[in-house]
Amino acid sequence: MIHALFIINRSGGLIYNKNFTQHVAQLSSNEALIFAGTFHGIHALASRISPAPRRDSVKDLGIQSIDTKNFRIHCYQTPTGIKFIAVTDLLQTKLSSALNKAYILYSDYALKNPFYNLEMPIRSEMFDNKLQQLVQAH
C-alpha cells in the first residue's frame with residue numbers, strides 16, 4: 001500500500017507531496033521541504049560513492065529503496081532528474097512501474113499544462129485525481 005508520495009525536482013525542491021492514508025503522520029510544510037532536501041542530498045552522494053564499476057553510458061541510479069522496521073521508501077529517478085518517492089508498507093517490494101506511471105501522469109497533467117513552471121509546486125486537480133486512482137490500483 002502506498003501511504004505517501006513526494007515529487008522532487010532536479011535541484012532538490014519539493015514540488016508535490018500527498019498522503020493517501022492515515023497510517024503516516026502529516027508532515028508540516030517545513031518538514032516536507034527538509035525531507036525533500038535531505039533525500040536529494042543523500043541520493044546524490046549515494047550515486048557518487050557507489051562501489052559498482054561505472055560504464056560511460058550507464059549512470060548510477062543512486063538510492064532505489066530504503067527499508068526500515070515499519071515502512072519502505074522507494075525512489076524512481078526519471079531521465080530528467082525528477083525523483084518520485086513513495087512511502088509504503090513493507091509488503092511493497094517493487095514499485096518502479098507504479099512510480100513510472102506517476103511520471104507519465106506528471107508528464108500528461110503538469111508538463112503539458114502551458115501555465116506550469118518546472119520549479120513550482122504542482123497544483124492540478126486532474127493530476128491529483130489520476131494519481132489517487134493509480135495509488136488505489138496498487
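Residues numbered from 1 in each chain as written. Predicted model: local features only at pLDDT ≥ 70, side-chain atom pairs only at ≥ 80, totals over all residues. Heavy atoms only, no water.

Looking at an unreviewed UniProt entry, one finds the protein chain named Trafficking protein particle complex subunit, with Coemansia spiralis as its source organism. The protein chain has a UniProt comment under Subunit (unreviewed entry) that states "Part of the multisubunit transport protein particle (TRAPP) complex." If you open the UniProt record of the protein chain and go to Sequence similarities (unreviewed entry), you find "Belongs to the TRAPP small subunits family. TRAPPC4 subfamily." (UniProt positions renumbered as here; feature names shortened; annotations may be inferred.)

Enquirer: Can you walk me through the side chain of histidine 74 in this structure?
Expert: Topologically, histidine 74 is positioned in strand S4 (residues 72–77). Taking relative accessible area as the criterion, histidine 74 reaches 4% and is therefore assigned buried. Among the polar contacts listed, one links the side chain of histidine 74 to the side chain of threonine 88, at a separation of 3.0 Å. In this structure, histidine 74 is in contact with Gln64, Ser65, Phe84, Ile85, Ala86, Thr88, Gln92, Thr93, Leu95 and Leu99, ignoring residues within four places of it in sequence. (Helix = DSSP H or I, 4+ residues; strand = E, 2+ residues; numbered from the N terminus. Buried < 20%, exposed > 50% of the residue type's maximum accessible area, 1.4 Å probe, protein only. Polar contact = N/O pair within 3.5 Å; in protein donor to acceptor, adjacent residues only side chain to side chain. Contact = heavy atoms within 4.5 Å.)

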